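Letter by letter, the chains look like this.
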Amino acid sequence: EIQIASLLKSSELFPIPQGLKLSYGTAGFRGDAKLLESTVYRVGILSALRSLKLGSATIGLMITASHNKVSDNGIKVSDPSGGMLSQEWEPFADQIANASSPEELVSLIREFVKKEGITIGDNKKGAEVWLGRDTRPSGESLLRAAEIGVGSILGSVAIDIGILTTPQLHWMVRAKNKGLKATEYDYFENLSTSFRCLIDLIPISGNNKFEISKLLVDGANGVGGQKIEELRGSLSNLDLEIRNTGRDGGVLNEGVGADFVQKEKVVPLGFGLKDVGMRCASLDGDADRLVYFYIPSDSTSDVKVELLDGDKILSLFALFIKEQLNILDDDKEGKQSRLGVVQTAYANGASTDYLKQLGLDVVFAKTGVKHLHEKAAEFDIGIYFEANGHGTILFKESFLSWLVTKQKDLTATGHGGSEEHKAVSRLVAVSNLINQAVGDALSGVLLVEVILQHIGWSIQKWNELYKDLPSRQIQVEVPDRTAVVTTSEETEALKPLGIQDAINSEIKKYQRGRAFIRPSGTEDVVRVYAEASTQEAADTLAHSVAQLVK
Ligand code: NG1
Ligand code: ZN
């Protein structure tokens, strides 16, 4: 009961703002930073309980609002595996975030602790929570609120890991719980070592040796640009020029970053006609998204870009992985490997056609990485990407140990230099390079760059893998976005009644028409996506569907 008294006392420090209604959503809680202290404090409590429930495993808390505006902030929880908080706990997160008084909060916690059989206080080891934040100015005070939340559960420790990208925190939490070295230094070291390894495995192709050209990086004026700058020193075979690091007065996510470039299809600030034809990459505000782009040579002053989005990155990765697996599959005793890719309804139809034509198993998941991650984990190697550039490649533990054993066997039997050994070694290096916890723009950039060097492609050549169908994404502000309810793959609206029929009859008017609506999980809007054979058609289709939503 001392516990209850201290909980009541600390929660009185964080009254919930009038009328605040939050939902854990696609990516944790988000909103105006000024309104979030009570939420973050309460998520601090939740994360300590989560750690206790899982035998004092380390839990991560990331304070960020990703690509949203700088005055917003948010909080998401990393489970011990480095993945998102188990969806089973989301309802509890919603309940406590919305509890209207300290008494209600305490009684919800009591009830939950009892139901989950969590014991507080008498463990030999208490809860451990690692806290990270992006560069938002509101991050520091929110971090303090999280610390107080964690600290209000007896015997718990909160450790401030500092300013990090979201994927860095997830990586560190995962490494810590696996008993591996888990500092930021180790993260960088892991990236540079596996990158080096893949570079060393590039086939030497005589006279047409690929010339390494410079990559221009847009850091979204956020944490990603700063971290990639830190990493640069330990990378060879990569020429980087980093812009929009936030140090030169630019505002986080304003006219810059992966979300802006992907949605608007125009160059970010700091880029222009001087960069025509150059290979460019754009990160989002917390560096868990990555897109590439270039300015076409026939560009005039309004600087539209050729966008290489998450779908195209996915296609490049799939191509490379498949090539390595094919080398293995030639092996007589070779085991059937299962490579699968996961997309969402936002994936460009042309990318899906391309992937299927490569002979790949393509499955669809709901928007939000937790859903994609889950499906990708079912394959031996599962590649998932959202069109907006969030994605990664997952290797099943059992498959990875098979690869590692194979690598050793080949060396032991004198086949160390064989094509097969190289292919196995590449796959193992990819599994080390690419973040196994969440999508990570830093590891993504390194993998794209090394694959392009490996196959000797320019960004233009890569872009030609397939041609995107013209598409348009818009959002509609509505009084209540929960009025829209969709099927599990989000491609059809079940509610409001009759709206899907109306959407279908719009779609029918267009060649290669496709459109859907869904409520955003991170903003108070309903999103509309449309695709058709011409840009005008995609635009009109999107707007007429938006009319139906209003
Ligand atoms: P919502 O607001 O639920 O559409 C957006 C993105 C998601 C995901 C989350 C988290 C689109 C259409 N949606 O979710 O893919 O990245 O933010 O950041 O891009
Ligand atoms: Zn992000």
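Residues numbered from 1 in each chain as written. Chains lettered and ligands numbered in written order. Predicted model: local features only at pLDDT ≥ 70, side-chain atom pairs only at ≥ 80, totals over all residues.

### Regarding the domain arrangement of the chain
- For the chain, the domain assignment lists domain 1 (2-163), domain 2 (200-308), domain 3 (311-463) and domain 4 (471-549).
- If you average the C-alpha positions of domain 2 and of domain 4, the two centres end up 31 Å apart. (Domains from an automatic or database assignment.)

### Here's the deal with the site of ligand 1
- Close to ligand 1 lie 14 residues, the nearest being Thr26, Ala27, Ser520, Gly521 and Thr522.
- Partitioning the shell around ligand 1 into residue classes produces 2 nonpolar, 9 polar and 3 charged. (Near = placed C-beta within 6 Å. Nonpolar A, V, L, I, M, F, W, Y, C, P; charged D, E, K, R; others polar.)

### Here's the deal with the sheet that holds strand E9 (residues 290-294)
- An order of E7-E6-E8-E9-E10 is seen for the 5 strands of this open sheet, with the pairing classed as mixed. At either margin of the open sheet sits one strand with a lone partner, and together these are strand E7 (240-243) and strand E10 (306-308). Between one strand and the next, the sheet's axes are offset by a mean angle of 25 degrees, whatever the strand orientation.
- In this structure, strand E6 (residues 215-218) lies alongside strand E8 (residues 279-283), joined through 4 bridges in parallel fashion. In the sheet register, leucine 216 faces E8, and the bridge partner there is cysteine 280.
- Where helix H8 (residues 223-232) meets the sheet, it contacts E6, E7 and E8, and its direction lies at approximately 155 degrees from that of E7.
- Strands in contact with helix H15 (residues 441-455) are E6, E8 and E9; relative to E9, the strand with the most contacts, it is inclined by about 45 degrees. (Pairing = 2+ DSSP bridges. Helix = DSSP H or I, 4+ residues; strand = E, 2+ residues; numbered from the N terminus. Axes fitted to C-alpha atoms, helices over the stretch in contact; angles between N-to-C directions. Contact = placed C-beta atoms within 7 Å.)

### Structural notes on the confidence of the model for the chain
- On average, the chain scores 94 in pLDDT, and the residues at 70 or more come to 97%.
- Quick note on the complex model: pTM equals 0.95, ipTM equals 0.97. (pLDDT = per-residue confidence, 0-100.)

### Points about the UniProt feature "binding site: Mg(2+)" (unreviewed entry) in the chain
- Here, UniProt's "binding site: Mg(2+)" (unreviewed entry) annotation points to Ser66, Asp284, Asp286 and Asp288. Across 223 residues in sequence, these annotated residues keep their C-alpha atoms within 8.1 Å of one another, forming a single compact spot.
- Mapped onto the secondary structure, serine 66 falls in the loop between strand E2 (58-63) and strand E3 (72-78).
- The residues contacting serine 66, other than those within four sequence positions of it, are Ala27, Asp284, Gly285 and Asp286.
- Position of aspartate 288 among the secondary structure elements: in the loop between E8 and E9. (UniProt positions renumbered as here; feature names shortened; annotations may be inferred.)

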